[in-house]
Each structure stands twice: as structure tokens, then as C-alpha cells.
Amino acid sequence: MIIHVVASDGVRAMMESALTARDRVGVQDFVLLENYTSEAAFIENLRKRFKENLIYTYIGSVLVSVNPYKDLEIYTKNHMERYRGVNFYEVSPHIYAVADNSYRSLRTERKDQCILISGESGAGKTEASKKILQYYAVTCPASDQVQTVKDRLLQSNPVLEAFGNAKTLRNDNSSRFGKYMDIQFDFKGAPVGGHIINYLLEKSRVVHQNHGERNFHIFYQLIEGGEEDLLRRLGLERNPQQYQYLVKVRIWLFTRDTKLAKLFWEPLGNCPKVSSINDRSDWKVVRKALTVIGFNEDDVEELLNIIASVLHLGNVQYGGEEGNACITSDTQIKYLARLMSPLNLEQASSARDALSKAVYGRTFTWLVNKINASLAYTDDSFKNYSVIGLLDIYGFEVFQNNSFEQFCINYCNEKLQQLFIELTLKSEQEEYEAEGITWEPVQYFNNKIICDLVEEKFKGIISILDEECLRPGDASDLTFLEKLEDTVGGHAHFVTHKLADAKTRKVMGRDEFRLLHYAGEVNYNVNGFLDKNNDLLFRNLKEVMCMSENKILTQCFDREELSDKKRPETAATQFKASLAKLMEILMSKEPSYVRCIKPNDSKQAVRFDEVLIRHQVKYLGLMENLRVRRAGFAYRRRYEVFLQRYKSLCPDTWPNWQGKLADGVATLVKHLGYKPEEYKLGRSKIFIRFPKTLFATEDALETRKHSLATKLQAGWKGYSQKSKYQKLRTSAITIQAWWRGILARRRAQQRRQAAATIRRFIKGFIYRHKERCPENEYFLDYVRYSFLMKLRKNLPKNVLDKSWPTPPAALTEASEHLRKLCMQNMVWSYCKKISPEWKLQMEQKMTASEIFKDKKDNYPQSVPKLFVSTRLNGEDINPKVLQALGSEKMKYAVPVTKYDRKGYKPRSRQLLLTSNSAVIVEEGKLKQRIDYGALKGISVSSLSDGLFVLHVPSDDNKQKGDVVLQSDHVIETLTKIAICSDKVNSININQGSIKFTVGQGKEGIIDFTPGSELLVAKAKNGHLSVVSLQSSSVILLCKCL
Ligand SMILES: Nc1ncnc2c1ncn2[C@@H]1O[C@H](COP(=O)(O)OP(=O)(O)OP(=O)(O)O)[C@@H](O)[C@H]1O
Ligand SMILES: [Mg+2]
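Residues numbered from 1 in each chain as written. Chains lettered and ligands numbered in written order. Predicted model: local features only at pLDDT ≥ 70, side-chain atom pairs only at ≥ 80, totals over all residues. Heavy atoms only, no water.

S.K.: Help me out: how do you make sense of the sheet that holds strand β25 (residues 937-941) in this one?
M.R.: Paired through backbone hydrogen bonds, the strands of a sheet run either parallel or antiparallel to each other. Strands sit in the order β24-β23-β22-β21-β27-β26-β25-β28 across an open sheet of eight strands; the sheet is mixed. Unpaired on one side and paired on the other, β24 (925-931) and β28 (987-990) mark the two borders of the sheet. Between one strand axis and the next, the sheet turns through 30° on average, direction left out of account. As judged from the three bridges shared by strand β21 (residues 890-899) and strand β27 (residues 963-966), these two strands associate in the antiparallel manner. Of the residues in β27, the one forming a bridge with lysine 898 is leucine 965. Packed on one face of the sheet, helix α34 (residues 970-981) meets β21, β22 (906-914), β25, β26 (947-951) and β28 and runs near 20° to β26. (Pairing = 2+ DSSP bridges. Helix = DSSP H or I, 4+ residues; strand = E, 2+ residues; numbered from the N terminus. Axes fitted to C-alpha atoms, helices over the stretch in contact; angles between N-to-C directions. Contact = heavy atoms within 4.5 Å.)

Laid out in C-alpha cells, this is it:
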């Protein structure tokens, strides 16, 4: 057969991994082996990696796993996380990578997946399937309900292993049944259910085992771990040696002469102890698991009842009289005696064993169904779930003596190999054809010929076996052998002792036939083939079982079966049918492969038995597998997928190719510089021959991605910033609009109010003279208010400021009150602030005002000039005068001019005012002293001159008559004299002339006339004539001064 291979996407990914993440030791993908056709190189790579505890290696998408026989720290939660959602090529090979890849394909492509785990007994299939299940349980999303399903999926394993696994010579925990398990996922990728299909349990193990092997684990677990109470109820003793089925071993003896093997079952009386098995703790695990799966106490009790019954049944012994069997053991099941009575000893034993096998076998099937019920996906609303199938089925087995079971098991492995060929090699060939691609031929062995040998209708071994079973007459295992020789004797893969050459005869018994399986040669001993194939149970035994009160047994033994006259299908035919069904199931799914290899036969870590491994590499077809991978095109991609992935690498195809896909891909690869021998374009796919071509493209994409990412980032940032800005902008505009609205509404309201106010105001104005009424009250109030406000701002600043706003009519009175109050207030505060000196000054000025205001012409000029306290200081006055005055306090002194009484000659004198008198001084002499009491009056003109007369009594001799004086500060001087002498009212202001006495009753007259110049002189009439400046002249003069 010629085959070409194109790897799937997964393969591509892994090969990339191998190149980019090359291992320290060996290559992690055999595809990368330099010498890929060399088996030695292949095994050397395995050995190197095994030594480094690297137990996983790929051949493309196929995972090769070598059993390490020790716990490796590579199954932790961290490891699971590392493989979760990561492409194959990014991490080193692992069972988790396979699990994850299937899961991702399931999710992205929505296609059901299956993972086929193959390898011989003890190679690690069951462990691998458990690891996969654990991976899904941990990494898949889960709700509470899903958690229950996850628990049940996980817990189904210990239960099925307890009932279906046993210690064999090859494996302490060998699966003695085939198992296909569907894990159902909902659209969210959560595991929501499961379904298990079991295949051909090795029932014969219930009644006897090979030397060094054990019965199914459950028997030992129950006896070792079961509580005392439980054992008592079941009538069991805690000693496995007590039970024939646990101690009876099968021994084959060869007779030298006949070369026929003779089978013995001997109760050797010892159950093999296995250090790797702890039945007691396993019991606890199983009990817990049963509960998780949904067994209640009654279910468990019934189930264990059956297990105990099988043990009891094994202990039923026969004694024989006249060749007939009767039960000798001391049990109560007397009915058995009746049932067995017409049988001879051998028949009775085999009937008993048949019953035990049937009971156990059917119970096992019931158990699987029960688990299925608990795993069933119950949500009817969503039936459209996806599935990942896990196939863990017994591996290819070769013992020293192989029987019907090995025949079935190895046939099963042939079928799986066929499937492998169908699904990968052949289908790939077909794809090349469909795509119109030419390929290089690769030779590989197609085992269809062996499958046909076994299963072909009428001509196949199973058909012949069935025929012998059904044939009336003396059919036996040996006649079956003969029939085989007659029918398939000429087949290239079939040999018997009779047909063999001399060399082969030496290693074959006469009751054996040899099949040349794809995996190697196996001799099968025909002894027991017919019985096992018939798998018959006496009708009356069935009847009895139907009557059982045990609920499980009533389900296992259906009454309808009794009435069914049709002969049941033989075991081999049933098995064949179930395998055909399995193939169908697997064919409908996308497969992944795990190929398990056992490193040695002694279950030892580290030991790498090259011979054993070479054998497995060969029969697993790994070399062919590798050759095929390397020979054809390494990759294929649908045009749209390829273009979609790499279009960014060519300007013509980026960002989108508008034309036909094939043209797009052609343009792209041309741009990438692919050489013609590196690729082929099919009808819908591109085929790439070498991994390196694709790696180079991947590398280019990786580089391109960075620049694209930068661009995208920039684009995205721009976009996000822009939208952020737009959002801010619209928000701002909204706020603005809102605020403007508020403002506009406010303004409108203000305008409305203003208009109303104005209207009210005008109305008020019109009604202003009316009585207070609603029409004018606002106006009136406003006028008042605004007057008061205006007043507040325009209050007089000082006492002299007489300004005052004009009040409205209504406020005239109030305004007057206010004005007064204000003035009082100002006066009061002015007074409060005034100093004593200033007060004195003001008092004197007031006095001056009282005396002279409007009476004397030069008074107004004196007003702005401040009065001084004295015009002469101490140094201006002669000390003699001061001495003469003594203690008299001087209050004021001023230089004056004295006019003689006779000739009116002017003389310079000083006028001193003391507290008692006014004194006229000439140099150091006191010329005249006028006591204030003696001062009769003071006369002064109304004009602007400075003359004044101090009148004294004429009869006073001390005095020389009235004194005529002139002072430059006449107003100040006179005011001081008036105050000091307390003669304010004694000042006479005269118009025209003043009369005065000049001693001894004589009289003098002073005439005052206004003129343009001040002139004091004796007139011709003897009067003193004084020409005073006219008031206008005075003002002018003052201004000039
Ligand atoms: N990955 C592993 N790591 C550690 N030990 C392992 C691993 N795989 C297998 N083993 C050991 O090998 C033993 C046999 O493995 P397992 O039961 O999976 O074999 P199998 O292929 O299922 O055999 P059978 O066909 O008899 O059922 C396990 O009990 C375990 O001790
Ligand atoms: Mg197993």
C-alpha cells in the first residue's frame, strides 16, 4: 500500500515546537530525527529521553509515552495550567498537551474528538486516560452541577477498576475489560455528562487465575477492608485463603509425547501478595466512590451480596457417587444439588463456574449501566453537546499460553490498528487524491488481511468457531482446530502445528494455532474456545437467578431471556459486533493517538529493555508512522485558513485578497519566495513539503505580528482616545447646553421681573400723589428706600458740610430728624475729638465773634487767623518788669502803640495782661497798671483800624486818664482783655468817633474815617484823626499780604 501523509494543524504546531523549543536531550518530535528511517536512532532517542525522565515524545500529532514506573512531578495543577490553552509547539510534549489540543479542537471546530490510547498490558494506558480525565476535571469551566459530574467522572474509575481490574503477571492493575468513555461538553466547554461502553470482561478470572495472578480486586478489598459487621452479614471470613476462587490457579501441563497442554486448576492455597496494592485503603476509596456515584446503602449491600455469593459459590464442593455430582460442602443451597444432580463432577463444577462467571459478568455490566445513569446528561433542553471519547482498551497480549480471551484482545488491537490506518494513513492518501496532488510512495503494512482472517463472514476464524459451536454432534476444541486448518490453512498469517515447518513445530503445541499479527506472532491454545464462545448457562440456573430477591440480579437476569427461544449470539460474534460499533463511533470523530510503551517486564523504574521496546516500536507501527509523516508533505492548510493566517506577509494580500483564494495563496507564496519543490497547490489546500518552509513563514509572521501589533495598538489607542475625547466633548456640550439653558431661563426671568418692576414703577409714579394703595406702594417704598440708600452714601462729611440730599415729600420730616441726628452725631463726635488747646481757641474765637461779628470791619480777616497764647515771650519782656509783677501770672503780652493824650504822639509800649490787671510797660518800667475792676470799658471803632481805648475812672488819681492804644492784632488783643477782665459786654464799637477822658475832666475825641490808606494823626481840630482802610481795601490788602 502506498500512502502519503499530510499532517493536521496540530502536527504543524508541534513540529514548530520541536524546532523552536528543542530539548536538551534528544528531540521531542521524532520527525526531527536526522536519520528518521533508522530504528536504532529512534530507540536511542527514546532511551536518552527516558533516562532524563522525559517520557513523552511526539511523532507529529501522535504522542509516544514510556511508562516511567515511578511518580514524576509532572502532573501537578501548575503543569495543567501550563498546558491550558497553549499551542502544542510552545511547551514540551505531554499527555496534557494532547488533552488540551483535543479540547480546543472540540471548542473551535465543534467536531467530536477521540483519544485512542494503545499499548500492551502495563504500558500505562489506564494511567494516561486517568490523567486526561483529571486534566479536564481541573481545567474545564465548572458550575456546581458540573462539579458533581466531574466528581462522578473521576470516581467512576476506582469503582470500575475494583470490579474490572486485577493483578496479572504483567501489570498489578491490569484492566480486564475494554473501556470507551465519552465525556460530554456543553457549548460553554464544561463537562456535563459521560457515558461508558465496556468490552468483553475477562470473566474466566472469576473462577481461576494464572499462577502469580489474582482475581478481580473487589474480592480482596471486601475481605481485607470490609467492616466486621458487613462481613458477618455476608457470611465472609477475613481470610482470602478460605475461598477457592481466590486460591485456585490454572496450571498448564504439557505432555511431551502428544505436545498437548493439559489444563489443571489447583487450589494452591496462597493468594499472591502485592506490595503495590493496598486492598484495605483501596476499599475505602471504592466505598466513597460508590457513594459519589449515587449508590445508597441498600445498593451497596446488594452489590456486595453478589460478590460474597460468588465467593460462596466457589466453595461449593461436590462429592460423587456413581459418577454423579452431589454437594458435599456444608451450605444451605441445597437447590444447587438438585440442579446439578444429573451432571457428572466435571459438568457440575463447570456449571457452578459458569454461574459464577455469568453472575459476575452481568453484575459488572449492570454496574457500568448504573454509572452511566449517574453520569447521564440530564438537561433535556440542550442535547447538542460535543464529545471527547477516551479509549482505554486492553493492549496486545502475548502469554506463554494464550486462550480465547487473548484471541479476542489481540483481534481488538488488530481492529484498532486498522482504524489507525483508516483514519490517518489511508484517509490522507485519499485527500491527496481529492486535491489532485502527486506524492511519493511510502510502504507500510496494512493489517486488513489479518482482520479479514479473523472476522470475515463464513471464512473467518470467528465464523468457523461459531459454526463449530452450533454444529450438532461431537464438536470439540480440536475439531474446531481441524476446521480452521481446512478453511484458513492456506492463509499467510495462519499456522498450526500440522501446517508449520519443522522449526516452528518445535515451539507449537498440537492444540494450538498461530496467528501472525501485525504486532507479532501469537500461539493460541484451542482448549476452552468452544465453551467460552458459547458462554452458556443452564436454563434452570438462569431460572433460579430470575427468582432472586436481589434487585441487581433480577435486573441482570431478565425473565424475557427465558422465553426467548432464539439462541444467544456467541461471545466472539458479540465481541465482533461491539468492535464494529466502536470503530463506527471512533470513525465519526477526530482522533488523537497516545501510544504507550512499556520499558521492561519487571515493572522497574529506570530499566530500559531495548529488546522489549524494539518489539513494541515495531508492532505499534511507530517507524512506519514516522516514515509516512516525513515522506509526504509535512503540512496542509485550507486556502482560506492559510491566507487568513499569513496574508499580512504580502502587500498584495493584505489586508484583504479580493480574488480567488487559490490565486491569493499563489501570490502570497510567490512573495514569500517558496521554491516549486517546497509546496504544491491542491484544489482547496496548499501542501507544504518541509517543516522548515513553514517555520520560516511562521518566523516571518511572528516578526510581522509585532509591527502589526504596534499598528493595531496605535490604531486602537487612537480610537479609544478619540472616543474618550468625543465622550468628554459631548458631555461638555451637554453640560454647557444645560448651563446655558439655566442662564437663559434666569435672564428671561430677570427680564420678566424687570418689566414687571418697571411697569409697577411707572404705575406707582402715576399714583404717587395718591394715598398709599397697592398701585403706588412699591413706588413709594422704592423712593423711600432709594432716598435712604442715597443718603447713606451722601451723608455730610463734617459739621461745616451743610449738604443734604433733597428728600421726597413723604420723607421731609423724617429727613429733617435724620439731618439733625446726623449733625448732633457729628458735633458730638467732633467735640469728643477736640483737644483742650483747641477748645480754648474756639472759646476765644466764639467770644471774638460775639463781640465783633458784623460790627467791626477787620473782624472777618481775623477769623481764619488763630489766636496765639501770647505775642511776647519771657525774653521779649524786660526782667525788671517781670520782677515787678512778682507772682502775678502773665496771661497775654502784646506790643502796642500808645498815643499820648496831648499830642497824640505814638509810643511803642508792651501791653501785659495778668490775672488781675492790664499793665502798660515801657522798657523796664511799669508805666500804667489798670486793675480789671477799675476798667470801665473799652472802645473801638467799627472800621478796620487797630485803635482802641481803655476807659478808666477819671476820678482815680493813680490813673492819668483813658489810654489810647493801637494793636496790630486788635481783635485778638481785645478778646483777650475782655476775657481776662471779664468785660465781654463792656466793649463799645463806635461809628465815627470815640470820646475819652484825658485826666482832670478833660475830654479827647478820636475821629475815624474810612480811606484808602491807614493814617493816624492829630487833626487841626485837635482830634485824633484815624483814617482806616475801607473794608474792600482791607480784603485786598489781606490778599496782597
Ligand atoms: N505516567 C505514569 N507515571 C507513573 N507510573 C505510571 C505511569 N503510567 C503507568 N504507570 C505505572 O504502570 C502501571 C500500569 O499502568 P496501567 O495500568 O495504566 O497499564 P495499562 O496499559 O492500562 O495496562 P493494561 O492493559 O494491563 O490495563 C500503573 O499501575 C503505574 O504503576
Ligand atoms: Mg489498563
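S.K.: Explain the coordination of the magnesium ion (ligand 2) here, please?
M.R.: Geometry reference: four tetrahedral donors at a metal, ideal angle 109.5 degrees. Six octahedral donors, ideal angles 90 or 180 degrees. Listed as protein donors to the magnesium ion (ligand 2) are Thr126 (OG1) and Ser175 (OG); their distances from the metal cover 1.9 to 2.0 Å. Here serine 175 lies in strand β5 (residues 174-175) and threonine 126 lies in helix α5 (residues 125-139), a separation of 49 residues in the sequence. Side by side, threonine 126 and serine 175 carry an identical accessibility label, which is buried. (Donors = N, O, S within 2.8 Å, 3.2 Å for Na, K, Ca; no water. Buried < 20%, exposed > 50% of the residue type's maximum accessible area, 1.4 Å probe, protein only.)

S.K.: Would you explain unusual backbone geometry in this entry?
M.R.: What you tend to see is this: most non-glycine residues have negative phi, and most peptide bonds are trans. Omega for the bond connecting tryptophan 654 with proline 655 falls within 30 degrees of zero, at 0°, which places this linkage in the cis form. One can find proline 655 in the loop between α26 (639-646) and α27 (661-672). Although it is not a glycine, leucine 200 adopts a positive phi angle of roughly 30°. Following the sequence through the fold, leucine 200 ends up in the loop between β7 (191-199) and β8 (209-210). Even without being a glycine, glutamate 923 presents a positive backbone phi close to 45°. If you trace the backbone, glutamate 923 turns up in the loop between β23 (917-922) and β24. Taking relative accessible area as the criterion, glutamate 923 reaches 64% and is therefore assigned exposed.

S.K.: Would you mind going over the site of ligand 1 with me for this structure?
M.R.: What surrounds ligand 1 is a group of 18 residues, the closest being Asn67, Ser121, Lys125, Thr126 and Ser174. One nitrogen or oxygen atom from the side chain of serine 121 is found 2.6 Å from an oxygen atom belonging to ligand 1. Glutamate 127 is positioned with one of its backbone polar atoms (N or O) 2.9 Å from an oxygen atom of ligand 1. Alone, ligand 1 offers 630 Å² of accessible surface; in the complex the protein occludes 87% of this. Top contributing element to the shell around ligand 1 by residue count: α5, with three residues. Partitioned by chemical class, the residues of the shell around ligand 1 number four nonpolar, ten polar and four charged. (Near = heavy atom within 4 Å. Polar contact = N/O pair within 3.5 Å; in protein donor to acceptor, adjacent residues only side chain to side chain. Areas by Shrake-Rupley, 256 points an atom, 1.4 Å probe, with all protein chains shown as cover. Nonpolar A, V, L, I, M, F, W, Y, C, P; charged D, E, K, R; others polar.)

S.K.: Explain the environment of leucine 160 to me, please; I cannot follow it from the model alone.
M.R.: Following the sequence through the fold, leucine 160 ends up in helix α6 (residues 144-164). The class for leucine 160 is buried, based on a relative accessible area of 1%. In this structure, the C-alpha to C-alpha distance between leucine 160 and asparagine 198, residues 38 residues apart in sequence, is 9.9 Å. Aside from chain neighbours lying at most four places away, what touches leucine 160 is Asn165, Phe177, Lys179, Ile196, Phe364, Val368 and Ile371.

S.K.: Any chance you could explain helix α31 (residues 836-852) here in plain terms?
M.R.: At 3.6 residues per turn, the α-helix brings residues three or four places apart onto the same side. For α31, which comprises 17 residues, the first-to-last C-alpha distance of 24 Å matches the rise-based estimate of 24 Å (1.5 Å per residue) to within 8%. When we look at burial in α31, the residues that qualify are Gln841, Gln844, Lys845, Thr847, Ala848, Ser849, Ile851 and Phe852. Along its buried surface, α31 packs onto α32 (859-862), β25, α34 and β28. (Expected span 1.5 Å × (residues − 1).)

S.K.: Would you take a moment to explain the nonpolar core for this structure?
M.R.: Note on soluble globular proteins: their nonpolar side chains tend to be buried together. Counting residues in hydrophobic clusters, the biggest one holds 165 residues, and the most contacted among them are Tyr136, Phe219 and Phe513. Looking at which element gives the most residues to this core, the answer is helix α13 (residues 345-375), with twelve residues. (Core = buried A, V, L, I, M, F, W, Y, C linked by side-chain atoms within 4.5 Å.)

S.K.: Help me understand the side chain of serine 981 in this model?
M.R.: Here serine 981 shows up in helix α34. A polar atom in the side chain of serine 981 sits 2.6 Å from the backbone oxygen of isoleucine 977.

S.K.: Please explain the pattern of salt bridges as it appears in this structure.
M.R.: Once their charged atoms are close, side chains differing in charge can pair, the charge on each being opposite to the other. A full pass over the atoms with the stated rule returns 43 salt bridges. One salt bridge connects aspartate 601 with arginine 170, and the closest N-O pair in it is separated by 3.8 Å. Of this pair, aspartate 601 sits in the loop between β17 (590-597) and α24 (610-619) while arginine 170 is found in the loop between β4 (165-166) and β5, placing the two residues 431 residues apart along the sequence. Ionic pairing is found between glutamate 702 and lysine 705, a salt bridge with its closest N-O pair at 3.5 Å. Remark: lysine 705 and glutamate 702 occur in helix α28 (residues 691-766); sequence separation between them is three residues, near one turn of the helix. On the basis of relative accessibility, which here comes to 37%, the residue glutamate 702 falls in the partly exposed class. Each of the salt bridges in this network shares a partner with another, and the network as a whole consists of Arg176, Glu202, Arg205, Glu213 and Glu397. (Salt bridge = Lys/Arg side-chain N within 4 Å of Asp/Glu carboxyl O.)

S.K.: Where do I start with the packing of aromatic side chains in this structure?
M.R.: Scanning the model with the defined rule gives 35 aromatic pairs in all. Judged by centre distance (5.7 Å) and plane angle (90°), the rings of phenylalanine 407 and tyrosine 524 are edge-to-face. Placement of phenylalanine 407 in helix α14 (residues 404-435) and of tyrosine 524 in strand β16 (residues 520-525) is noted, with a sequence separation of 117 residues between them. Since its relative accessible area comes to 1%, phenylalanine 407 is described here as buried. Seen from their ring centres, tyrosine 904 and phenylalanine 996 are 6.3 Å apart, and the 65° between their planes marks the pair as edge-to-face. Remark: phenylalanine 996 occurs in strand β29 (residues 993-997) and tyrosine 904 occurs in the loop between β21 and β22; sequence separation between them is 92 residues. The pair tyrosine 904 / phenylalanine 996 is uniform in exposure class, with both members buried. Taken together through their ring pairs, the aromatic side chains of Tyr75, Tyr83, Tyr96, Tyr103, Tyr135, Tyr136 and Phe185 make up a single cluster. Sitting over the face of the ring of phenylalanine 420, arginine 595 holds its NZ or CZ atom 4.5 Å from the ring centroid. (Phe/Tyr/Trp six-rings, centres within 6.5 Å; stacked < 30°, edge-to-face > 60°. Lys NZ or Arg CZ within 6 Å of the ring centre and 35° of its normal.)

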